[in-house]
Amino acid sequence: MVKKVALSGAAGQLGRVLRKALLERGVNLRSAAGSHPLEPLVDGEDVMHGDLRDPAVVDRLMQGVDVLIHMAGTSVERPLPEIIENNLRGLVEVYEGARRHGVRRIIFASSNHAIGMHSVEDKLALDCEFRPDGFYGLSKMWGEGIARLYWDKHGIESVCIRIGSCVEKPAEFRHLSTWFGFEDLLHMIDQAINVPDIGYLVVWGVSNNTRSYWDNAGAARLGYRPRQNAEDYAAEILAKSNPLDATAQRYQGGSFASYDYTPLT
Ligand code: NAI
Ligand code: 15L
């Protein structure tokens, strides 16, 4: 059976990469942007836009869909009310929409900032403690929690991808550990759409980096075999100075961890 796949956050940085690549692969795709309409990339493309806090918009997104790739949301540290609206309230609307429409699986864009206060000296397994580095990271803990709840109670599968730094090319020292190349992102998304019987799974969204902070053994269940390695860019990166301050260099979350870092003295 050909799956119908929906992509939220299609106008965002990762959404743009995924939309183009999935269309090129012939995926039966519906792409949804936030506030502005999308220009179709191909004739008759299934596109829409709207705020996912609105159940009517969620209904349009979910109608007839088998798998949702949920990229929409606030993607950086922002004032708490904005994060609550987009990443907490909006996400509940999305999962409730999945229940209404029988959407079987959600691929949820979690983030390394859910664990960003771990030391860069630590190598983390997937069952490590949450150590969020701000309200944004906290919202991703909430997201993984919703995903767990809706699998346990409503049978909606989720693959939560704790994305590292998903950029075309690693550009700074931290990326030698956190980089998630586009080729590996696409491979992981393909697997997350197609591998049967996933239930609830959390994986690190990271390439095969020599200096990775994360042990991705659990991603084997997805059949994820990353091919990119930030180390290929190490010479170029090590020739430059590290842009992070001393505090940011100590924590896996980098500048998110050093932002508003004011321990009591
Ligand atoms: P982005 O900020 O470029 O795109 C997010 C999109 O979500 C925006 O286009 C925005 O309009 C949309 N959006 C926000 N709130 C919405 C709402 N209430 N209703 C409808 N649309 C809404 O983010 P990016 O970089 O593309 O990231 C995608 C996802 O991956 C985000 O959830 C982010 O937290 C996560 N992520 C990304 C990483 C990266 O390296 N780019 C690393 C870790 C996580
Ligand atoms: C994220 O969660 C952000 O969405 C992205 O913009 C990057 O900052 C990334 O983490 C990172 O940690 O490099």
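Above this text sits the structure in question.
None of the values given here were measured: they were computed from a predicted structure. (Residues numbered from 1 in each chain as written. Chains lettered and ligands numbered in written order. Predicted model: local features only at pLDDT ≥ 70, side-chain atom pairs only at ≥ 80, totals over all residues. Heavy atoms only, no water.)

Undergrad: Explain the overall build of the protein chain to me, please; I cannot follow it from the model alone.
TA: Helix and strand content of the protein chain: 9 helices and 7 strands. Taking 265 residues into account, the globule formula puts the C-alpha radius of gyration at 18 Å, and the protein chain, at 18 Å, falls close to it. Reported as C-alpha extents along the three principal axes, the dimensions of the protein chain are approximately 50 × 40 × 35 Å. For the protein chain, the exposed surface amounts to about 12,500 Å²; the carbon and sulfur share of it is 52%. For the protein chain, the separation between the mean place of its 29 positive charges and that of its 34 negative charges on side chains is 3 Å. (Helix = DSSP H or I, 4+ residues; strand = E, 2+ residues; numbered from the N terminus. Rg over C-alpha atoms; globule rule 2.2 N^0.38 Å. Areas by Shrake-Rupley, 256 points an atom, 1.4 Å probe, with all protein chains shown as cover. Lys, Arg positive; Asp, Glu negative; His and termini not counted. Charge placed at Lys NZ, Arg CZ, Asp CG, Glu CD.)

Undergrad: In this structure, what is going on with the site of ligand 2? I would like to understand it.
TA: Near ligand 2 you find Ser 75, Ser 111, Asn 112, His 113, Tyr 136, Gly 164, Ser 165, Arg 174 and Phe 256, and these make up its full shell. Here an oxygen atom of ligand 2 sits 2.8 Å away from a polar atom, N or O, in the side chain of Ser 111. Ser 165 places a polar side-chain atom, nitrogen or oxygen, 2.6 Å from an oxygen atom of ligand 2. Contact with the protein chains covers 74% of the free accessible surface of ligand 2, which is 320 Å². By residue class, the composition of the shell around ligand 2 is 2 nonpolar, 6 polar and 1 charged. (Near = heavy atom within 4 Å. Polar contact = N/O pair within 3.5 Å; in protein donor to acceptor, adjacent residues only side chain to side chain. Nonpolar A, V, L, I, M, F, W, Y, C, P; charged D, E, K, R; others polar.)

Undergrad: Any chance you could explain the site of ligand 1 here in plain terms?
TA: In the vicinity of ligand 1 lie 24 residues, with Leu 14, Ser 75, Asn 86, Tyr 136 and Cys 166 positioned nearest. A distance of 2.8 Å separates an oxygen atom of ligand 1 from a polar atom in the backbone of Cys 166. Contact with the protein chains covers 83% of the free accessible surface of ligand 1, which is 830 Å². Considering each element in turn, the shell around ligand 1 owes the most residues, 3 residues, to strand S5 (residues 105-111). Residues of the shell around ligand 1, tallied by class, amount to 9 nonpolar, 13 polar and 2 charged.

Note that every value here comes from positions in space, so none of it alone points to a role or purpose.
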